[in-house]
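The residues making up each chain are set out below.
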Amino acid sequence: MKNFDYLEPASVGEACALLKQHGGDAKVFAGGSHVTILMKQGLYQPKALINIKRIPELKGLKFDDAEGLIIGALVTHRELETSALVREKFPVLCEAEREVANIRVRNMGTVGGNLASGEPLTDLSQIFIALDGKLKITGPTGQRRLPVEELFIDFYTTSLAEDEIITQIVIPPLPPRTGIDYIRFSSSSVVDKPSAGVAVRLTLDEETVRVARIVLGCVGPTPVRARNAEALIVGKKLTTELAAEAGAIASQECSPASDLRGSEQYKRAIVRTLARRASTNAYERGLGDG
Ligand SMILES: Cc1cc2nc3c(=O)[nH]c(=O)nc-3n(C[C@H](O)[C@H](O)[C@H](O)COP(=O)(O)OP(=O)(O)OC[C@H]3O[C@@H](n4cnc5c(N)ncnc54)[C@H](O)[C@@H]3O)c2cc1C
């Protein structure tokens, strides 16, 4: 590893100023679970690491009736998994977190780092997109909000500027009669990261689907909404046949690569099953909600 400066700003403003000052030669360091590996492999050779771990405004979880669940970028996977507040408001996040990586990574890795890495084999992005999550981002010129869906551009590439920091992730309150499910699949030989993960959120009018989000993760360079499958089920009651058809359509709306986690065909078959099951579960939960 090459030598680098190690800096510990006390505020987001200071961190952004340091990033700007270093141009593309500095990297944000949160939990370090991703950065450290890439530095050891020589893929990142930053001249400076900007450790944001001590910045208080990036920490904490809270719920606001108007805004919803506000997740500080430094909240770790383990905090999300074990939070009573999250369990009450968005239990799907606690359930998903139980399967993320291993306890060591969950203790170190942060939600902000998970998203900002642009790593495709992750779990949270597809759930946040299904929940219409937004990011609060700060840069040297001020703050902006960005739908999580618009963060991801390509493999390990996001729309964040070099001098911007994710400060919070905001999940709006759910309308009544909303059901959510997330199902991930890991191949038995490679258990750490998922081969595929599908998040579904359905909001119903009586028994009819009014809003549908079907989001496919790990099966392409970025998470992707299965918009044709969503369009198929909106305005209808979700029958077994319709859920199966939506799964089949969703499996054609991603671009999985053949790799050690499975062939392209195998991953499409997994997506087909996960999308069918998650849609059915989300629908049943929506019927039982309110
Ligand atoms: C063995 C292993 C298994 C894993 N399995 C899973 C899994 O099953 N599911 C899953 O979802 N993930 C998985 N991951 C990914 C893991 O969740 C992420 O590595 C972790 O969340 C990254 O957070 P961090 O704080 O450690 O990020 P860091 O390593 O500190 O940073 C990651 C990247 O984001 C940037 N960054 C960090 N925070 C911010 C911020 N607030 N604003 C702007 N940029 C920022 C950094 O500059 C860097 O480029 C796994 C990782 C490992 C190593």
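Computed from a prediction, not measured in an experiment: that's the story for all the values here.

Undergrad: I would appreciate a short explanation of the overall build of the chain in the present structure.
TA: Helix and strand counts for the chain stand at 11 helices and 14 strands. For the chain, the C-alpha radius of gyration of 19 Å lies close to 19 Å, the compact-globule estimate for 290 residues. Along the first, second and third principal axes, the C-alpha atoms of the chain reach 60 × 45 × 30 Å. Accessible area of the chain: about 13,200 Å², with a carbon and sulfur share of 49%. Mean positive and mean negative side-chain charge positions of the chain (36 and 36 charges, respectively) differ by 3 Å.

Undergrad: So what exactly am I meant to see when it comes to the sheet that holds strand β11 (residues 178-185) here?
TA: Sheet strands pair by backbone hydrogen bonding; their relative direction is either parallel or antiparallel. An order of β11-β12-β13-β14 is seen for the four strands of this open sheet, with the pairing classed as antiparallel. Two strands bound the open sheet, and with one partner strand each, they are β11 and β14 (224-225). Lying over the sheet, helix α11 (residues 264-287) contacts β11, β12 (196-205) and β13 (208-217), oriented at roughly 155° with respect to β11.

Undergrad: Help me understand unusual backbone geometry, please; the structure alone is not making it clear to me.
TA: Glycine aside, residues mostly have negative phi, and peptide bonds are mostly found in the trans state. A positive phi angle, near 55°, is found at R177, a position not held by glycine. The topology assignment puts R177 in the loop between β10 (165-171) and β11. Phi angles above zero are rare outside glycine, and C218 is one such case at about 75°. By the element assignment, C218 lies in the loop between β13 and β14. Given a relative accessible area of 6%, C218 falls into the buried group.

Undergrad: Help me understand the nonpolar core in this model?
TA: The tendency in soluble globular proteins is for nonpolar side chains to be buried side by side. Grouped together as the largest cluster of nonpolar side chains are 33 residues, with contacts concentrated most on I71, L93, F128, L135 and I169. Contributions of two or more residues to this core are made by β5 (68-72), α5 (91-97), α7 (111-116), α8 (124-130), β6 (134-139), β10 and β11. Sorting elements by how many residues they give to this core places α8 first, with five residues. With residues up to four places along the chain from it excluded, the contact list for L135 reads L115, R144, R145, L146, V148, L151, I166, Q168 and I169. Listed in part, the 28 residues of the second largest apolar core include V209, A212, A250 and A275.

Undergrad: Hey, could you run me through the site of the ligand in this one?
TA: Around the ligand, the surrounding shell holds 34 residues, and the nearest of these are V28, G31, S33, T110 and D123. A distance of 2.7 Å is found between an oxygen atom of the ligand and a side-chain nitrogen or oxygen belonging to S33. Residue A101 places a main-chain N or O atom 3.0 Å away from an oxygen atom belonging to the ligand. Here the ligand, which alone exposes 980 Å², has 93% of that area covered by the protein.

Undergrad: Sorry, what's going on with the packing of aromatic side chains here?
TA: Each aromatic ring pair is characterised by the separation of its centres together with the angle its planes make. Counted by the stated rule, this structure contains one aromatic pair. For the pair F185 and Y266, a centre-to-centre distance of 6.3 Å together with 70° between the ring planes defines the contact as edge-to-face. On the criterion of sequence distance, the pair formed by F185 in strand β11 and Y266 in helix α11 is long-range, its members being 81 residues apart. Residue classification places F185 among the partly exposed residues on the basis of a relative accessible area of 28%. Classification of Y266 by relative accessible area gives partly exposed; the value is 37%.

Undergrad: It is not clear to me how the sheet that holds strand β1 (residues 5-7) should be interpreted in this structure. Could you clarify?
TA: Taken in spatial order, the three strands line up as β1-β3-β2 in an open sheet, and their pairing is parallel. Each edge of the sheet is formed by a strand with only one pairing partner; in this case those strands are β1 and β2 (26-29). Adjacent strand axes in the sheet meet at a mean angle of 20°, parallel and antiparallel pairs treated alike. For β1 and strand β3 (residues 48-51), the ladder comprises three bridges, and the chain directions are parallel.

Undergrad: Looking at this model, I keep getting lost on the layout of surface pockets. Mind explaining?
TA: With a probe scaled to a water molecule rolled over the atoms, the places where space remains empty come into view. Considered as a void within the structure, the second largest pocket measures approximately 200 Å³ in volume. Residue lining of the second largest pocket: K89, F90, P91, V92, E95, L174, P175, T178, G179, I180, R285 and D289, and that is the complete set. Counting residues per element, the ones that place at least two in the lining of the second largest pocket are α5 and β11. Residues of the lining of the second largest pocket, tallied by class, amount to six nonpolar, two polar and four charged.

Undergrad: Mind showing me how you'd approach the pairing of β2 here?
TA: As a general feature of sheets, a regular strand has side chains that alternate between the two faces. In terms of strand pairing, β2 meets β3 through four bridges, oriented parallel. Paired with V28 across the strands is I50, a residue of β3. Of the crossover connections in this fold, the one passing from β2 over helix α2 (residues 35-40) to the parallel β3 is right-handed.

Undergrad: Can you walk me through the state of the cysteines in this structure?
TA: A disulfide bridge is the covalent bond that connects two cysteines by way of their sulfur atoms. Applying the stated criterion across every chain yields a total of zero disulfides. For C254, which is in no disulfide, the shortest distance to another cysteine sulfur is to C218 and amounts to 11 Å.

Criteria and cut-off values
- Residues numbered from 1 in each chain as written.
- Predicted model: local features only at pLDDT ≥ 70, side-chain atom pairs only at ≥ 80, totals over all residues.
- Heavy atoms only, no water.
- Helix = DSSP H or I, 4+ residues; strand = E, 2+ residues; numbered from the N terminus.
- Rg over C-alpha atoms; globule rule 2.2 N^0.38 Å.
- Areas by Shrake-Rupley, 256 points an atom, 1.4 Å probe, with all protein chains shown as cover.
- Lys, Arg positive; Asp, Glu negative; His and termini not counted.
- Charge placed at Lys NZ, Arg CZ, Asp CG, Glu CD.
- Pairing = 2+ DSSP bridges.
- Contact = heavy atoms within 4.5 Å.
- Axes fitted to C-alpha atoms, helices over the stretch in contact; angles between N-to-C directions.
- Buried < 20%, exposed > 50% of the residue type's maximum accessible area, 1.4 Å probe, protein only.
- Core = buried A, V, L, I, M, F, W, Y, C linked by side-chain atoms within 4.5 Å.
- Near = heavy atom within 4 Å.
- Polar contact = N/O pair within 3.5 Å; in protein donor to acceptor, adjacent residues only side chain to side chain.
- Phe/Tyr/Trp six-rings, centres within 6.5 Å; stacked < 30°, edge-to-face > 60°.
- 1 Å grid on protein atoms, 1.4 Å probe; cavity = no way out; pocket = protein on both sides within 12 Å on 5 of 7 lines; lining within 4 Å.
- Points joined across faces, edges and corners; volume = space filled by probe spheres on them.
- Nonpolar A, V, L, I, M, F, W, Y, C, P; charged D, E, K, R; others polar.
- Right-handed = clockwise from strand over helix to strand, strands pointing away.
- Disulfide = S-S within 2.5 Å.

Any functional reading would require information beyond the geometric quantities listed.
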